[in-house]
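Chains, contacts and geometry: an overview
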2 protein chains.
Amino acid sequence: MKRENSSPTMKDVAAEAGVALGTVSKVVNGLPVGDSYRIRVEDAIKKLNYQVNSYAQGLKANRTHTVALLIPNTIQPFYASLVYHINLSLLKRKYRMLLCSTDYDSGLEQEYITMAQQNKVDGIIGLTYNPNLIIEESTPFVAIDRSMGPGIPCISSDNFAGGQLAAEKLADLGCKNVAFLRTGSSLTNEPNKRKAGFENGCLARGLQYELKILNDGEPFEEFEKFLEEHIDNGKLSFDGIFCVTDSLAYSILKALRRLNQRIPEDVQVIGFDGIRYLGDKDYVCSTIVQPVSEIAEMCVELLLQENMPAKPPLVCLPVSYAYGGTTAEALTEQEQ
Amino acid sequence: MKRENSSPTMKDVAAEAGVALGTVSKVVNGLPVGDSYRIRVEDAIKKLNYQVNSYAQGLKANRTHTVALLIPNTIQPFYASLVYHINLSLLKRKYRMLLCSTDYDSGLEQEYITMAQQNKVDGIIGLTYNPNLIIEESTPFVAIDRSMGPGIPCISSDNFAGGQLAAEKLADLGCKNVAFLRTGSSLTNEPNKRKAGFENGCLARGLQYELKILNDGEPFEEFEKFLEEHIDNGKLSFDGIFCVTDSLAYSILKALRRLNQRIPEDVQVIGFDGIRYLGDKDYVCSTIVQPVSEIAEMCVELLLQENMPAKPPLVCLPVSYAYGGTTAEALTEQEQ
C-alpha cells in the first residue's frame, strides 16, 4: 500500500496546523476553542482535504451495529408501519434495532439517549413529543416529525404540500365550502403544517373554509357540536372536510353518518396518513399518503451516513393522494 | 456473612461427587456422560440441595439484559399489538428488546438464534412459521402460537376454547346452520385448533356446520364461490359464519354485502383476534379476543425465569368474546 494514497488523519491535521490533537478534535466536534486555533485547524483541514470522520458525526469507531428506535407505541397504524420499515432498512444494512415503545415515558427515552452517548448503541431514531428530553448536539440522533434541536436532522412527510393537495383535491372535486379539523399536540411539529398548507390551498383556489382545532384534552364531542352547529334544515353547510389524520377521519365519518349526512354525496372527506384497514386492506378514507418506507430509509441513511459534516436539519418527503371511497371521483365520472 | 448460609455451587457438587467440574456442568446441561458419573452427580445435587442455576436453563451468567423478538412484521394488527405488549413487559423489567421483523426470512431468523447461542442476547421470543429453523434445546427460546420443538415452551391463546366459544355464541344467538372459514399455514400450529374447538362446540349444541378451508396459495375467490353456491333464491343457507381471523372476517363481510346479505339479520359473523380499527377504535366484527398483554407477560416471564428446570411445553391463555356489530345481540334484545 502506498502511504501517500491513504487519507489524512486527524493527526496529520494537527501537525499541519501546529496544534494539539485535542484542539483538532474540539474543532471538528464543534466545541469551543480560540478563534485563531479554529482558523488554523480549518485551513489545515481544507489544505489536506481531510474528511471529517464518523467520530465528528457522533458515530463512534467501535460500532455496536445497533440503533435504538424511540416510538410512542406500535399499535397505531402509522407508528406500526414506521417500525416495520425502519426495521427493514436497518436489517438490510446488517444493523440491529433496539425497540423502545415509550408511551412518552421521558425517563425511558432519556435512558436510551444516554446509551447512545455511552456508545452502547450507534445512534437513535426517535419520534417523540416529549418536551423535556435533553439531547446533546453530539448525540447521533435523527428525529421524525418534530425537530429536537440544532444539529439533529428531522425527517417528515411534506406536510405543507399534503395540506395543500387536500384543498386542491376538494376543489377539483367540486367543493365550495370546506372545513379543517385537527387534534394533536400543541408542541411545534411538522404535522402542524398540514393546516397552513390547507389554508394556502383554499385561498389559492378560492375555497371558503373554516378551522376547528381541539387542544390537548378537549373531547371529541366538540367536533360533533361544531358539525351540528353547521347543519341547517338537515343540510351541512360544508361540502368537504379535511381531517388531520385518518384516525380522526374515521371518527368524523361515523359522526357524519349519525347526523344523516351521505358520504360523498353530501360531504366529501379527506384524511392524512394513508392508513389501510388491518394493515393491507382498504384505505380508511380518501387520504394524503405518507411515504413511510422512504421516511424510514432517509432516517437510517442520515443516521449512519459518515463524512457528512452538515446534515440537513429538515427533510420533507413527497406525499401522494389516494382515493378511498369518501370523495366523489366516481360520482364526477358518472356525471361526465 | 456466614459461609454455611450461602447456597452450594457447582464446585461443591463436583467435590461431593468426586468428579471434575466439567462433568457436573455436562450433567446439568443434559450433555452425554457415563451413567456412573451421572448417578454420582445427581446424588450429590440431591444431597446438597443444589439449585440448578440459570446456566442450566440456558440463561447465561453474563447477562446482556437484551431479548430478541422474531415476528413476521409489525403491520398486521395482532403482531403490532404483540410487539407493543412484549416491549412493555421487557422494559418494565429493565430489559431491552432487539426487534427482528423477519417476513419469514429464515436466514435472518437463524442469525438471531445464533446470537442467543453465543450469549449476545439473553434469549429469544419468536413467532415464526418457518419450518427450517434449527433451535437447539439449550437455546433460551419461547415460541408463540407454534411449538418449535422439545424443551421450548409455546405460548398461545386457548384456541380450542375460542373456537368452541364462537360456536356456542352463534347457537345462543339463534343460529342453526353455520360455516367455518379458514386460511393460513398448513404447518401444525395452535391457531389450527380453532377449527376443532368450533366443530366440538357445534356438535355439543346440535348446530349443523360446514367447513371451507383454503390451503396456502388458494385465492380468496374460492370463499366467494363457496358462499355463492350456498345461496338459493337470494337466501344464504348459513345463518352464522365463524372466520379464523378478524382479517378474514373483514373480507368475508365485504363479500357478503356484495351478495346482498344483511348482517346480522341474514347472517351473523364472528371473527378471531379482537382487532380494533386503527388500534383503538371499534372492533372489526364480533370476535374472540386474544389476551395479548397476558401472552406477552407469560412469554417474558417464562423466558427470564430462573430455577425452573422443567418449563411448561404449552401454555394456553383464556380468550373472551366481544360484541362488534356483526352478531344479533341487539336484535335479540329487541325481540325480548
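Quick note: structure is the one above.
A brief look at the structure comes next.

Definitions and cut-offs
- Residues numbered from 1 in each chain as written.
- Chains lettered and ligands numbered in written order.
- Predicted model: local features only at pLDDT ≥ 70, side-chain atom pairs only at ≥ 80, totals over all residues.
- Heavy atoms only, no water.
- Buried < 20%, exposed > 50% of the residue type's maximum accessible area, 1.4 Å probe, protein only.
- Helix = DSSP H or I, 4+ residues; strand = E, 2+ residues; numbered from the N terminus.
- Arc of directions from axis to C-beta.
- Contact = heavy atoms within 4.5 Å.
- Buried area = accessible area lost by both parts, 1.4 Å probe.
- Salt bridge = Lys/Arg side-chain N within 4 Å of Asp/Glu carboxyl O.
- Polar contact = N/O pair within 3.5 Å; in protein donor to acceptor, adjacent residues only side chain to side chain.
- Pairing = 2+ DSSP bridges.
- Right-handed = clockwise from strand over helix to strand, strands pointing away.
- Axes fitted to C-alpha atoms, helices over the stretch in contact; angles between N-to-C directions.
- Least-squares fit on C-alpha atoms with pLDDT ≥ 70 in both.
- Phe/Tyr/Trp six-rings, centres within 6.5 Å; stacked < 30°, edge-to-face > 60°.
- Lys NZ or Arg CZ within 6 Å of the ring centre and 35° of its normal.

Attention now moves to helix H1 (residues 10-17) of chain B. All names here are of chain B. Those residues of H1 that fall on the buried side of the exposure criterion are Met10, Val13, Ala14 and Ala17. End-on view of H1: buried residues confined to an arc of 100°, all on one side of the axis. The exposed set on the far side of H1, more than 90 degrees from its buried face, consists of Lys11 and Ala15. Each element contacted by the buried residues of H1 is listed here: helix H2 (21-28) and helix H3 (35-48). Remark: Gly18 follows H1 within two positions and exhibits a positive phi of approximately 70°.

Taken together, the contact between chain B and chain A spans 38 residues of the former and 39 residues of the latter. Interface area, chain B with chain A, both sides summed: about 3100 Å², of which 60% is carbon and sulfur. Looking at the side of chain B facing chain A, the largest losses of area belong to Ile75(B), Tyr84(B) and Leu278(B), adding up to 21% of the total buried there. Taken together, chain B and chain A are joined by four salt bridges. Across the chain B-chain A interface, the total number found is 18 residue pairs in polar contact (both at pLDDT 80 or more). At the level of secondary structure, the elements contributing two or more residues to the side of chain B that touches chain A comprise helix H4 (77-92), strand E2 (96-101), helix H5 (106-117) and helix H9 (246-258) of chain B. Among the elements that line the side of chain B that touches chain A, the one with the most residues is H4(B), at nine residues. Relative to E2(B), strand E2 (residues 96-101) of chain A is paired through three bridges, and the arrangement is antiparallel.

All names here are of chain B. Bridging between strand E6 (residues 177-182) and strand E7 (residues 208-213) involves six bridges; their strand directions are parallel. Following the sheet pairing, Ala179 is matched in E7 by Glu210. Read as a crossover between parallel neighbours, the route from E6 over helix H7 (residues 193-205) to E7 is right-handed.

Another aspect to go through is the sheet that holds strand E6 (residues 177-182) of chain A. All names here are of chain A. In spatial order, the strands read E7-E6-E10-E11-E12-E14; together these six strands make up an open sheet with mixed pairing. Single-partner strands in this sheet number two, and they are strand E7 (208-213) and strand E14 (320-322). Each strand axis lies, on average, 20° off the axis of its neighbour in the sheet, ignoring direction. Both strand E10 (residues 240-243) and strand E11 (residues 268-273) contribute to a ladder of three bridges, which runs parallel. Bridge pairing in E11 links Gly240 to Gln268. Helix-sheet contacts for helix H6 (residues 159-172) involve E6, E10, E11, strand E12 (286-289) and E14, and the interaxial angle to E11 is about 165°.

What follows is about the relation of the copies chain B and chain A. Note: a rotation about an axis with an accompanying shift along it relates these two copies of the chain. For the pair chain B and chain A, the relating rotation is 180°, the translation along its axis is 0.0 Å, and the fit reaches an RMSD of 0.5 Å. Taken together, these values place the two copies in the relation of a two-fold axis. Minimal C-alpha distance to the rotation axis in chain B is attained by Leu98(B), lying at 2.3 Å. Both copies contact each other with a shared surface, as 100% of the interface residues of chain B are interface residues in chain A too.

Let us now look at the packing of aromatic side chains. Think of a pair of aromatic rings as described by two things: how far the centres are apart, and how the planes are tilted against each other in angle. Residue and element names in this part refer to chain B. Tallied over the full model, the rule gives 19 aromatic pairs over all chains. Arranged with centres 6.4 Å apart and planes meeting at 80°, the rings of Tyr250 and Tyr277 form a pair that is edge-to-face. Here Tyr250, found in helix H9, pairs with Tyr277, found in the loop between strand E11 (268-273) and strand E12 (286-289); they are 27 residues apart in sequence, far enough to count as distant. Directly above the aromatic system of Phe272 lies the positively charged group of Arg194, at a separation of 3.8 Å from the ring centroid. In this arrangement the basic side chain of Arg276 is found over the ring face of Tyr283, its NZ or CZ atom lying 4.1 Å from the centre.

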